[in-house]
Amino acid sequence: MANAKKQLQVSDEVAIQITNMNKWYGSFHVLRDIDLTVNRGERIVIAGPSGSGKSTLIRCINALEEHQEGLITVDGTELSSDLKNIDTIRSEVGMCFQHFNLFPHLTILENCMLAPVWVRKTTQKEAKETAMHFLEKVKIPEQADKYPGQLSGGQQQRVAIARSLCMKPRIMLFDEPTSALDPEMIKEVLDTMVQLAEDGMTMLVVTHEMGFAREVANRVIFMDEGQIIEQNEPAEFFDNPQNDRTKLFLSQILGH
Amino acid sequence: MADLSFVRKEIIPQRAAPLSQTGIIGWFRKNMFSDIPNTILTIIVGYFIISILGNILPWVFSPTWNSVSLTECRGILAELGRSGHGGGGACWGVIRERWLQLLFGFYPSELYWRPILAFVLLGLALAPVLFDKASRKLIYLTAIYPFLCFWLIWGGSIWFPVTVFSGFIVAYLGYVYVNKAFGSLAGVIASIALPVLWWLFITSPLSISLHSIMPIGSEAIESDRLGGFMLAVLIGVTGIALSLPIGILLALGRQSNLPILKAVCVCFIEFIRGVPLITLLFVASTLLNIFLPPGSNFDLILRVMIMVTLFASAYMAEVVRGGLAALPKGQYEAADSLGLDYWKAQRLIIMPQALKISIPGIVSTFIGLFKDTTLVSIIGLLDPLGLSTNIRADMAWNGILWELYGFVGLIFFIFCFSMSRYSMYLERKLATGH
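Keep in mind the model is a prediction, meaning the values are calculated, not measured.

Asks: How should empty space enclosed by the protein be read in this particular structure?
Replies: The gaps left among the atoms become clear once a water-sized probe is rolled over them. Within the structure shown, the criterion is met by two cavities of 30 Å³ or more. By volume, the largest cavity is sized at about 40 Å³. Contributing to the lining of the largest cavity are Arg90(A), Ser91(A), Glu92(A), Val93(A), Gly94(A), Ser164(A), Met167(A), Pro169(A), Ser337(B) and Leu338(B). Only helix H2 (83-92) and strand E6 (93-96) of chain A provide two or more residues apiece to the lining of the largest cavity. No other element matches H2(A), which puts three residues into the lining of the largest cavity. A breakdown of the residues in the lining of the largest cavity according to their chemical character gives four nonpolar, four polar and two charged. Of the volumes computed, that of the second largest cavity is approximately 30 Å³. In terms of lining, the second largest cavity is formed by Lys137(A), Val138(A), Leu165(A), Thr192(A), Gln195(A) and Leu196(A). With three residues, the top contributor of residues to the lining of the second largest cavity is helix H6 (residues 183-198) of chain A.

Quick look at the structure:
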């Protein structure tokens with residue numbers, strides 16, 4: 001995170017449009033009247049206390065969670081219960097999880113080749129080249145033939161990023177990608193994400209890494225109790241928060 | 001004050017470990033005589049083992065191989081001055097005289113080559129399924145093996161298994177063409193409906209007419225002549241081969257979001273698990289005839305195979321469900337987020353892991369199923385136990401007990417122990433990480 005990334009281009013093209021979206025778990029109202037427009041090339045960090053619905057929000061974007069009201073449009077495709085639309089969106093949107101969720105019975109290379117071969121129907125050879133390209137990009141090509149269980153947490157998370165990139169997604173979602181990592185491994189994963197941002201990827205990141213938010217994000221969203229409380233450019237967000245809830249949250253996580 | 005500085009000048013080379021650590025003496029000291037209670041236990045257990053073997057071994061090694069009846073065998077033993085429990089020695093003559101019967105039942109002896117060939121081909125057909133190193137080309141043999149085996153054992157016109165097999169080709173063609181013309185759902189329906197119609201209405205007249213044009217076939221063997229270990233292996237292998245896929249589908253159905261499918265699977269599993277296998281076998285042997293159209297002759301062994309398969313698949317479904325439950329939810333989510341559809345995710349991500357977790361349970365079910373084949377003796381099929389009863393009813397061998405059941409038990413043990421060893425090999429092979 002050496003230099004600021006503010007100068008990165010954000011286009012006018014809309015990548016994700018969420019309109020008046022509501023979601024319930026049983027009778028519990030987890031997401032309330034969410035409105036969010038994400039332009040292509042934006043790097044959005046979503047922060048908030050646990051249970052505020054930030055993970056649920058990004059999981060709704062690729063239909064890992066179902067929403068009950070409102071519209072979600074990803075890359076012009078509307079997310080409905082139509083399975084075809086869901087599959088289209090999922091192959092356009094990459095996702096990284098807190099616990100990596102690599103496939104432990106496959107080697108690193110096979111993990112990366114699986115979706116291109118079976119979903120995109122690329123040839124084995126082409127899939128292998130793509131996989132090696134992205135493994136080099138996350139700086140672990142030498143681990144290609146190992147199994148996930150033999151890698152450190154940071155390496156596994158970088159493989160997970162590479163695995164998503166192999167599908168050539170236009171949007172990447174990160175669900176607390178560094179929360180399960182040791183401090184010294186957090187940096188290697190964040191570096192990879194910074195690199196991704198520099199390449200112009202549209203990113204939605206749920207994280208508690210405020211340093212990353214300040215350096216890389218072009219917008220920070222603060223959520224609490226299932227609603228968007230405040231959003232702003234990082235500098236304004238951190239230096240001049242408006243809502244009391246935001247001020248309390250920032251004082252708590254930046255206080256030590 | 002002492003000098004605290006120290007610099008090593010030379011590196012100490014490795015030395016051999018003391019003898020008490022390695023070798024046979026070390027092993028005994030560590031595992032048998034490590035402390036006083038352990039030593040006492042070793043001595044007591046050693047005494048028991050030696051005294052039991054001292055009684056059994058003389059009984060096992062008894063020179064009665066050539067005797068032709070229990071009386072003659074007792075005579076030989078009495079001449080040698082041996083007496084005691086079980087007449088002082090085993091009467092192995094019964095095994096020498098009847099072992100072929102224990103293997104093949106009342107199968108005509110001049111045709112023994114047919115089940116033997118079927119058994120050898122079974123080994124070849126299983127090889128590509130069980131071992132990576134086996135030639136992939138053998139998989140074609142695996143595909144046609146069930147029909148080949150049927151024809152080898154039961155004989156008759158070759159056109160019958162051929163036409164039954166072509167039902168699968170009909171299913172495939174139906175799927176391909178209907179899928180192209182009317183979409184995937186119609187394709188799936190066609191791939192199920194067409195072969196069923198084919199088997200119900202076309203198979204039998206077609207095979208008869210083909211046979212009248214080109215009579216190729218071998219001597220037909222009636223089902224009641226099948227018996228012994230051949231029957232146990234036939235029922236066991238059929239049950240094992242079919243119960244795993246059916247069990248997987250039931251387990252998936254039980255986890256499904258579709259309420260009707262789920263209810264059907266739950267009812268089936270709970271019903272079958274709630275009923276003893278013997279009951280199902282009685283249903284197969286007696287009750288089923290009531291429901292079948294009069295005059296239809298549905299082979300008893302086939303009915304038993306179906307019941308055993310259904311029984312095992314209900315248990316298999318629960319074993320597989322255990323494996324599915326052990327998988328973290330993240331695996332499903334990762335597969336979903338990469339855009340894999342349900343069946344691809346199941347096939348590539350979920351099942352390889354769930355089945356690996358369930359290997360011990362799956363193999364236990366297989367072993368249980370194989371041993372349960374002996375229950376068919378109750379409905380009059382001549383499996384090894386049924387045959388043993390028959391042999392004991394023979395005047396010459398009336399009263400013989402240990403030798404027959406010991407032999408049958410030994411063969412079962414060899415089969416079951418091999419399965420158990422194979423499952424351990426498989427677990428080692430599939431272990432990844434750490």
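Next comes the rest of the description.
Asks: Looking at this structure, how should I read the state of the cysteines?
Replies: By definition, a disulfide is the covalent link that joins the sulfur atoms of two cysteine residues. All names here are of chain B. One pass over the structure, following the stated rule, counts one disulfide over all chains. Through a disulfide, Cys-73 is tied to Cys-91; the S-S separation comes to 1.7 Å. Where Cys-73 bonds to Cys-91 through sulfur, the torsion about that S-S bond is close to -75°, and the disulfide is left-handed. Taken as a pair, Cys-73 in helix H3 (residues 70-79) and Cys-91 in the loop between H3 and helix H4 (93-104) lie far apart in primary sequence, 18 residues in all. Like Cys-73, the residue Cys-91 is buried in the burial classification. You can see Cys-149 has no disulfide; the closest cysteine sulfur is in Cys-416, sitting 19 Å from it. Unpaired in this structure, Cys-265 has its nearest cysteine sulfur neighbour in Cys-267, at a distance of 9.4 Å. Cys-265 gets classed as buried once you look at its relative accessible area, which sits at 7%.

Asks: Would you take a moment to explain the sheet that holds E6(A) for this structure?
Replies: Residues and elements named next belong to chain A. The sheet built from six strands is open, its strands ordered E6-E7-E8-E3-E9-E10 with mixed pairing. Two strands lie at the open edges of the sheet, namely E6 and strand E10 (227-232), each paired on one side alone. The sheet shows a mean angle of 20° between the axes of neighbouring strands, taken without regard to direction. Two elements, strand E9 (residues 219-224) and E10, share five bridges in a ladder whose sense is antiparallel. From the neighbouring strand, Met-223 faces E10, where its bridge partner is Ile-228. In the packing of helix H1 (residues 54-61) onto the sheet, contacts are made with strand E3 (43-47), E6, strand E7 (171-175), strand E8 (202-206) and E9, and the angle to E7 comes to roughly 150°. In the packing of helix H5 (residues 153-165) onto the sheet, the strands contacted are E6 and E7, and the crossing angle to E6 comes to about 170°.

Rules of the game
All chains use their own residue numbering, which begins from 1 and follows the written sequence. Each chain takes a letter, starting from A, and each ligand takes a number, starting from 1, following the order in which they are written. Totals for whole chains, interfaces and linings use every residue, but because this is a predicted model, local features are given only for residues with pLDDT of at least 70 and side-chain atom pairs only at 80 or more, for both listing and counting. For side-chain calculations, the full set of non-hydrogen atoms in the structure is used, while hydrogens and water are omitted. A 1.4 Å probe that fits into a set of points on a 1 Å grid over the protein atoms alone but cannot get out defines a cavity; an open set with protein on both sides within 12 Å along at least five of seven lines defines a pocket, and lining residues are those with an atom within 4 Å of a point. Grid points are joined across faces, edges and corners, and a volume is the space filled by probe spheres set on the points. Each helix is a run of DSSP H or I of at least 4 residues and each strand a run of E of at least 2, with the numbering of both proceeding from the N terminus. Note that Gly is not counted as nonpolar here; it falls among the polar residues with everything else outside the nonpolar set of Ala, Val, Leu, Ile, Met, Phe, Trp, Tyr, Cys and Pro and the charged set of Asp, Glu, Lys and Arg. The disulfide definition used here is simple: a pair of cysteine sulfur atoms within 2.5 Å. Categorising residues by exposure relies on relative accessible area from a 1.4 Å probe, with only protein chains included: less than 20% of the type maximum marks a residue as buried, more than 50% marks it as exposed, and the intermediate range marks it as partly exposed. Strand pairing requires that DSSP identify at least two bridges connecting the strands. Helix axes are fitted to C-alpha atoms over the stretch in contact, other axes to C-alpha atoms as well, and angles between N-to-C directions run from 0 to 180 degrees. Contact definition: two residues touch when any of their heavy atoms are within 4.5 Å.

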